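One letter stands for each residue in the lines below.
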Amino acid sequence: MLMNTDYRSRWDTIGIAASFACAIHWVLLPVLFTTLTLFGIKFLDNIYLETITILISMSAGSLALFNGYKKHHNAVLIILFVTGLILMIAGNLVPSEYADILCKLEGSLLVIIAHLKNVKQCRHK
């Protein structure tokens, strides 16, 4: 049973790290983008990088929260996670750069909160 708990914690850790990386990416991108483009560096403004971080966050989060849900049966965590993912994806669809950053940041925070609460509730059950 200890192995299953470690498994869930690893996936939560991966999900938290991916979501945190997304949040940092989207908050710092405007600052870094304007500075780094002066030197010809444009790798951060890349839809593939954003897609990969969202897919990692979605995959790790789904595994972690599904396994956690089987233990604690708290559907609120699933709702937080899915809402966060929807906001992260919706950020790519809004026309305003400000709204884009806000959606992605809020979405990342919701995903991180869902993971942290999942870890806490798995430890208490």
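As the structure is a prediction and not an experimental result, all values here were calculated from the model.

Student: How should helix H4 (residues 97–124) be read in this particular structure?
Tutor: Owing to its 3.6 residues per turn, the α-helix aligns residues three or four sequence positions apart on the same side. With 28 residues, H4 should reach 40 Å at 1.5 Å per residue; the first-to-last C-alpha distance of 41 Å fits that figure. You can read the cap of H4 off the contacts: a side-chain oxygen lies 3.2 Å from the backbone nitrogen of tyrosine 98, and it is on serine 96.

Student: Whenever I open this one, the packing of helix H2 (residues 47–72) against H4 confuses me. Can you help?
Tutor: Helix packing for two helices is described by the angle between their axes and how far apart those axes are. The geometry of H2 relative to H4 is characterised by a closest axis approach of 10 Å and an angle of 30 degrees between their N-to-C directions. Taken together, the axes of H2 and H4 lie roughly parallel to each other. Both H2 and H4 take part in a crossing whose hand is left-handed. Mapping the contact onto sequence places Glu50, Ser57, Ala60, Gly61, Ala64, Leu65, Gly68, Tyr69, Lys71 and His72 in H2 and Lys104, Val111, Ala114, His115, Asn118, Gln121 and Cys122 in H4.

Student: Sorry if this is basic, but what is going on with the pattern of salt bridges here?
Tutor: Pairs may arise between side chains of opposite charge once their charged atoms sit close together. Inspection of the entire model under this criterion finds one salt bridge. The salt bridge partner of lysine 104 is aspartate 100, with a shortest N-O separation of 2.9 Å. In this pair, lysine 104 and aspartate 100 are both assigned in helix H4, four residues apart and thus about one turn of the helix distant. Considered together, lysine 104 and aspartate 100 belong to a single accessibility category, that of buried residues.

Student: In this structure, what is going on with the nonpolar core? I would like to understand it.
Tutor: Across soluble globular proteins, you tend to see nonpolar side chains buried next to one another. Counting nine residues, the largest nonpolar core is built from Ile54, Leu65, Leu77, Leu80, Phe81, Leu85, Met88, Val111 and Ala114. Counting only elements with at least two residues in this core, the list comes to H2, helix H3 (75–90) and H4. When residues in this core are grouped by element, the largest group, five residues, is from H3. In contact with leucine 65, other than residues within four places in its own chain, are Leu77, Ile78, Phe81, Ala114 and Asn118.

Conventions adopted
- Residues numbered from 1 in each chain as written.
- Predicted model: local features only at pLDDT ≥ 70, side-chain atom pairs only at ≥ 80, totals over all residues.
- Heavy atoms only, no water.
- Helix = DSSP H or I, 4+ residues; strand = E, 2+ residues; numbered from the N terminus.
- Expected span 1.5 Å × (residues − 1).
- Polar contact = N/O pair within 3.5 Å; in protein donor to acceptor, adjacent residues only side chain to side chain.
- Axes fitted to C-alpha atoms, helices over the stretch in contact; angles between N-to-C directions.
- Parallel < 35°, antiparallel > 145°, perpendicular 65-115°, else oblique.
- Left-handed = near helix turned anticlockwise from the far one by under 90°.
- Contact = heavy atoms within 4.5 Å.
- Salt bridge = Lys/Arg side-chain N within 4 Å of Asp/Glu carboxyl O.
- Buried < 20%, exposed > 50% of the residue type's maximum accessible area, 1.4 Å probe, protein only.
- Core = buried A, V, L, I, M, F, W, Y, C linked by side-chain atoms within 4.5 Å.

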